[in-house]
Amino acid sequence: MSTQDFTVGQRVQRTCLVALSRLPEAVQRMLAQPATNAAGHTMAPDVALLMKLSASGPDYSDLPPHDARTMTERDLALFAARLPACDVEEEVEIGDGILATRYSNGTPERGLILFFHGGGFVIGSRASYTAPVRMLAHGTGADVVSVEYRLAPEHPFPAAQDDAVAAWRYVLEHAADWGVDPRRIVIAGESAGGNIAAVLCQELRDEQVRPMLQVLIQPVTDLVEHRPSQDEFAASPALSAKQVAWFVENYLPDGTDPAHPRISPYRASSLAGLPPAIVNLAGFDPLHDDGLAYATALREAGIPVEVDLEPGQVHGYLSYTAISPSCRKATERLVASVSAALDRADHTISSMKAS
């Protein structure tokens, strides 16, 4: 959805939200009274104001999935930054009707990021994640392939995980055609997409060609253990306990064991041999402790892990880049971390060639 597609009411709403996000910080603090979490971090004032406004709005988890998608796609279009298109933005068919969009700025030697959007396996789309994906492509120079994996409840577990494997096979097969070294493929995802990315890396562990890096952005990694951040932020307008339960109910067929490692990658028998990881966390996210537990487990298995904490942010901050300067800056920092990881890989390859 472009800004031209917005109704007059939506244009006014977007304009008002942008204006509020640009108020002086002191005014935002007075209006929103930002919370402080158990770790002593204070929520970014512009985010606190956005959360205060969101708290009184409708809850998509009160709706059937189809209607929830319609509502959230509209909202995400309103909240997302408008960014220049990449030089190439083409739709590709992975197979069996599974589609993806490839973004490229003509520097495929930087590598390729295979990206999975968030949305609890029930909502979200390539379209609603256009802004962060373009930021990744512009900011890293790498090509990005954003996957439209199948959603529950129409396609419950393990449909999304199966689609991820198919997407990996597709990009591996076509990498050379795009000028991408197949050894320079990064697997990335946010929230449910972070879960998909983590599971996919586990499933590719014994492959001859494996991902060079996994970027897990506020990932859900364990549906078994209930951790403190889930209680601390149970009422978060960005992701509430009620919404999490709605996602799980729609995603998992009756009788499914949530400890299965394709559902809870934290529960895998071993994490050895996985790619290096960037694990991105938000200080006011119910999934914070999930992501931190997985990062810790990776480190204990000998995997290099960079934990990037955005202490003043909430779950899904990648989606608020138009109406929250702090969310935009946090997303830019994430992109910079991925770009730096690609730079390090270049340096390592150059050193190996020189020796």
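Structure first, text after, so check above.
Nothing here was measured: the structure is a model prediction, and the numbers come from that model. (Residues numbered from 1 in each chain as written. Predicted model: local features only at pLDDT ≥ 70, side-chain atom pairs only at ≥ 80, totals over all residues. Heavy atoms only, no water.)

### What to know about the nonpolar core
Counting residues in hydrophobic clusters, the biggest one holds 58 residues, and the most contacted among them are L114, F116, V147 and I187. Per-element accounting of this core gives the leading share, eight residues, to helix α6 (residues 159-178). Setting aside anything within four residues of it in sequence, one finds F116 in contact with V147, Y149, A164, A167, I187, A188, G189, E190, G193, I196 and L200. (Core = buried A, V, L, I, M, F, W, Y, C linked by side-chain atoms within 4.5 Å. Buried < 20%, exposed > 50% of the residue type's maximum accessible area, 1.4 Å probe, protein only. Helix = DSSP H or I, 4+ residues; strand = E, 2+ residues; numbered from the N terminus. Contact = heavy atoms within 4.5 Å.)

### Here's the deal with the side chain of Q313
Within the secondary structure, Q313 sits in strand β8 (residues 305-314). Overall, the relative accessible area of 3% leaves Q313 in the buried class. Looking at Q313, its side chain comes within polar contact range of the side chain of S326, at 3.0 Å. In this structure, Q313 is in contact with A44, V47, A282, G283, F284, D285, S326, C327 and A330, ignoring residues within four places of it in sequence. (Polar contact = N/O pair within 3.5 Å; in protein donor to acceptor, adjacent residues only side chain to side chain.)

### Brief notes about the environment of P108
You can see P108 is positioned in the loop between β2 (98-104) and β3 (112-116). The exposure class assigned to P108 is buried, which follows from its relative accessible area of 13%. Taking C-alpha positions, P108 is 27 Å from G124, a pair spaced 16 residues apart along the chain. Beyond its immediate chain neighbours, meaning those up to four positions away, P108 contacts D143, W178, G179 and V180.

### What to know about the pattern of salt bridges
Throughout the structure, instances matching the rule amount to 24 salt bridges. Between R29 and E25 there is a salt bridge whose closest N-O contact spans 3.0 Å. Of this pair, R29 and E25 both sit in helix α2 (residues 25-32), four residues apart, roughly one helical turn. (Salt bridge = Lys/Arg side-chain N within 4 Å of Asp/Glu carboxyl O.)

### Focus: the pairing of β8
Two elements, strand β7 (residues 277-284) and β8, share seven bridges in a ladder whose sense is parallel. Paired with N280 across the strands is D308, a residue of β8. Crossover handedness for the path β7 to helix α10 (residues 288-300) to β8: right-handed. (Pairing = 2+ DSSP bridges. Right-handed = clockwise from strand over helix to strand, strands pointing away.)

Nothing here speaks to function; it is all geometry.
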